[in-house]
Amino acid sequence: MRIFLIGYMGSGKSHLGWKLSNFLGVQFVDMDNYIEERNCKTIPQIFAEEGEAEFRKKERKALEELSEFTNIVIATGGGAPCFFDNIDLMNEAGKTIYLNIDPKILADRLMKSKTERPLIKGKSKTELVSFIDETLKKRNEFYKQAKFQITEPDISLDELKELIS
Ligand code: S3P
């Protein structure tokens, strides 16, 4: 059992992942936290000091390591499926679930979020909405390769378990 939650920033991967892991009685790992612990740096520090390309390499390495873990739910970073052949790796290693959430909801959540996200730092609501629209178009190519997709942010855990079993 190995489940990868994928989707845009603010789609609720960590929140749902944590709940789902408790429900299934398995371990939960948030990939961004894993990368931070492994590198002894926060995600914003990695972006600022080493750049996005280096971050993507560290993200890939984390994914390779986590793909060896069993009985686990993994909340991936929003960009993770969209670089290298990461989506293929995840599809081969486990069940992938795309949290496909309305861009307006994403923008609202991201405006309120306290998590520092280098890619959207300092953007106004209008800038954020167009950034989400632009990047989602490209990212959906990857996200939509997930084996399962949910569009309902408040899906019940029973329904989710049913969907992926
Ligand atoms: C990113 C999403 C972030 C984090 C990094 C880059 C992205 O994770 O990995 O800031 O490219 O969408 P969350 O989706 O958990 O915010």
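Here the structure is shown first, and the text comes after it.
Not measured: the values here are computed from a predicted model. (Residues numbered from 1 in each chain as written. Predicted model: local features only at pLDDT ≥ 70, side-chain atom pairs only at ≥ 80, totals over all residues. Heavy atoms only, no water.)

Colleague: Sorry, what's going on with the pairing of strand 4 (residues 95-99) here?
Modeller: A regular strand places its side chains so that they alternate between the two faces of the sheet. Judged by how many residues are buried, strand 4 sits mostly within the fold: 4 of 5 residues are covered. As paired strands, strand 1 (residues 2-6) and strand 4 are joined by 4 bridges and run parallel to one another. What sits directly across from F4, in strand 4, is T96. Bridge count for strand 4 against strand 5 (residues 148-150) is 3 bridges, and the pairing is parallel. Bridge pairing links I97 to F148 in strand 5. (Buried < 20%, exposed > 50% of the residue type's maximum accessible area, 1.4 Å probe, protein only. Helix = DSSP H or I, 4+ residues; strand = E, 2+ residues; numbered from the N terminus. Pairing = 2+ DSSP bridges.)

Colleague: Any chance you could explain unusual backbone geometry here in plain terms?
Modeller: Backbone geometry follows two general trends: most residues other than glycine have a negative phi, and most peptide bonds adopt the trans configuration. Backbone geometry places N71, a non-glycine residue, at a positive phi of 50 degrees. Locating N71 in the fold gives a position in the loop between helix 4 (52-66) and strand 3 (72-75). Positive phi outside glycine occurs at F84, with the angle close to 50 degrees. By secondary structure assignment, the location of F84 is in the loop between strand 3 and helix 5 (86-93).

Colleague: Can you help me understand the site of the ligand in this one?
Modeller: Near the ligand lie 13 residues; those nearest to it are K13, D32, R56, R117 and R139. In this structure, K13 approaches the ligand through a side-chain N or O atom, which is 2.6 Å from an oxygen atom. D32 places a side-chain nitrogen or oxygen 2.7 Å from an oxygen atom of the ligand. Calculation on the ligand without its partners gives an accessible area of 390 Å², and the protein chains cover 95% of this total. (Near = heavy atom within 4 Å. Polar contact = N/O pair within 3.5 Å; in protein donor to acceptor, adjacent residues only side chain to side chain. Areas by Shrake-Rupley, 256 points an atom, 1.4 Å probe, with all protein chains shown as cover.)

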